[in-house]
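Coordinate analysis (summary)
One letter stands for each residue in the lines below.
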Amino acid sequence: MKLPPGIVFVRMERPQLEGFPQFPLPEPMRVRWYRPGDEEHWLAIHRQAEHIIEVTPALFEEFFGGAHREQLPERQCYLIDAEERPIATATAWFDNDYRGGRWGRVHWVAVAPRMQRQGLSKPLLSITLERMQQLGHDRVYLRTSTARIPAINLYAQFGFVPALHNEDDRNIWRRINPRLKRPFELE
């Protein structure tokens, strides 16, 4: 995936999944897990919400196609509105070789723009982390970009911290830190 100049991917980690914040889903929203055909909903939500990279069917296939597709019904979440339309999605994914071990991965989180700023991101993340716990994950990470400061602030509220594995990581986070609601201790 190619990012625009000046924007880079960063990782955040929550080394202990236990004890994450719980936020209830507001009425009349409900949760539904992936079913065949939801690729179209995933694409529609991400195309509306994504302004940095191009979201295509090939992108969905790259991350969730082939043998991975059978895991989607227990891992890919959709928030459904009162009209039964999917309006947000997140995936409780995994990486069996992140930092030499098995980690859960918060993957491809998006809320349709017309539903943003309505208190849905926190419940969506709570639901995703709860599912990871149910699936046996005890630690979790995510990847986001330096352009997504509101998302980084949200993840920080859930106890995610910068993944600082080398000096490049520290330098990137030093540039992000002044833009955050609560800057991280990086040293």
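Computed from a prediction, not measured in an experiment: that's the story for all the values here. Numbering of residues starts from 1 in each chain and follows the order in which that chain's sequence is written. Confidence filtering applies because this is a predicted model: local features only for residues at pLDDT of at least 70, side-chain atom pairs given and counted only at 80 or more, and all residues used for totals across whole chains, interfaces and linings. Excluded from the side-chain calculation are hydrogens and water; included are all heavy atoms of the structure.

A separate point is the sheet that holds strand 7 (residues 161–162). Spatially, the seven strands line up as an open sheet ordered 2-3-4-5-6-1-7, and their pairing is mixed. The outermost strands of the open sheet, each flanked by one partner alone, are strand 2 (30–33) and strand 7. Contacts between residues were defined by any pair of non-hydrogen atoms, one from each residue, lying within 4.5 Å. Orientation is described by lines fitted to C-alpha atoms, with helices fitted over the stretch in contact, and by angles between N-to-C directions that extend from 0 to 180 degrees. The numbering of helices and of strands both runs from the N terminus, where a helix is a DSSP run of H or I of at least 4 residues and a strand a run of E of at least 2. Contacts from helix 1 (residues 39–49) reach strand 2, strand 3 (76–80), strand 4 (86–98) and strand 5 (101–111) within the one sheet, and its direction differs from that of strand 5 by about 70°. Its contacts with the sheet place helix 4 (residues 121–134) against strand 2, strand 3, strand 4, strand 5 and strand 6 (140–145), and it is angled at close to 40° to strand 4. Here, a strand pair is defined by DSSP locating no fewer than two bridges between the strands.

Relative accessibility under 20% of the residue-type maximum defines a buried residue, over 50% an exposed one, and the middle range a partly exposed one, all with a 1.4 Å probe and only protein chains included. Those residues of helix 6 (residues 167–176) not exposed but buried are Asp169, Ile172, Trp173 and Ile176. Along the axis of helix 6, the buried residues cluster in a sector spanning 95°; they form a single face. Of the surrounding secondary structure, the elements contacted by the buried residues of helix 6 are strand 1 (9–14), helix 5 (149–157) and strand 7. Here a polar contact is recorded for every N or O atom pair within 3.5 Å, except that within protein the pair must consist of a potential hydrogen donor and a potential acceptor, and residues adjacent in sequence are included only if both atoms are side-chain atoms. Put simply, Asn166 is the residue that caps the front of helix 6, since its side-chain oxygen is 3.0 Å from the backbone nitrogen of Asp168. Arc, as used here, means the arc of the directions from the helix axis to the C-beta atoms.

The next subject is the pattern of salt bridges. Put simply, a salt bridge is a Lys or Arg side-chain nitrogen that is within 4 Å of an Asp or Glu carboxyl oxygen. Here the structure, examined in full by the defined rule, presents ten salt bridges. The shortest N-O distance in the salt bridge between Arg69 and Glu39 comes to 2.4 Å. Here the residue Arg69 occupies a position in the loop between helix 2 (57–64) and helix 3 (72–75), and Glu39 occupies one in helix 1, the gap between them amounting to 30 residues. With a shortest N-O distance of 2.1 Å, Arg69 and Glu61 are connected by a salt bridge. A relative accessible area of 40% means that Glu61 is categorised as partly exposed. Members of the salt-bridge network, linked through shared partners, are Asp81, Glu83, Arg85 and Arg114.

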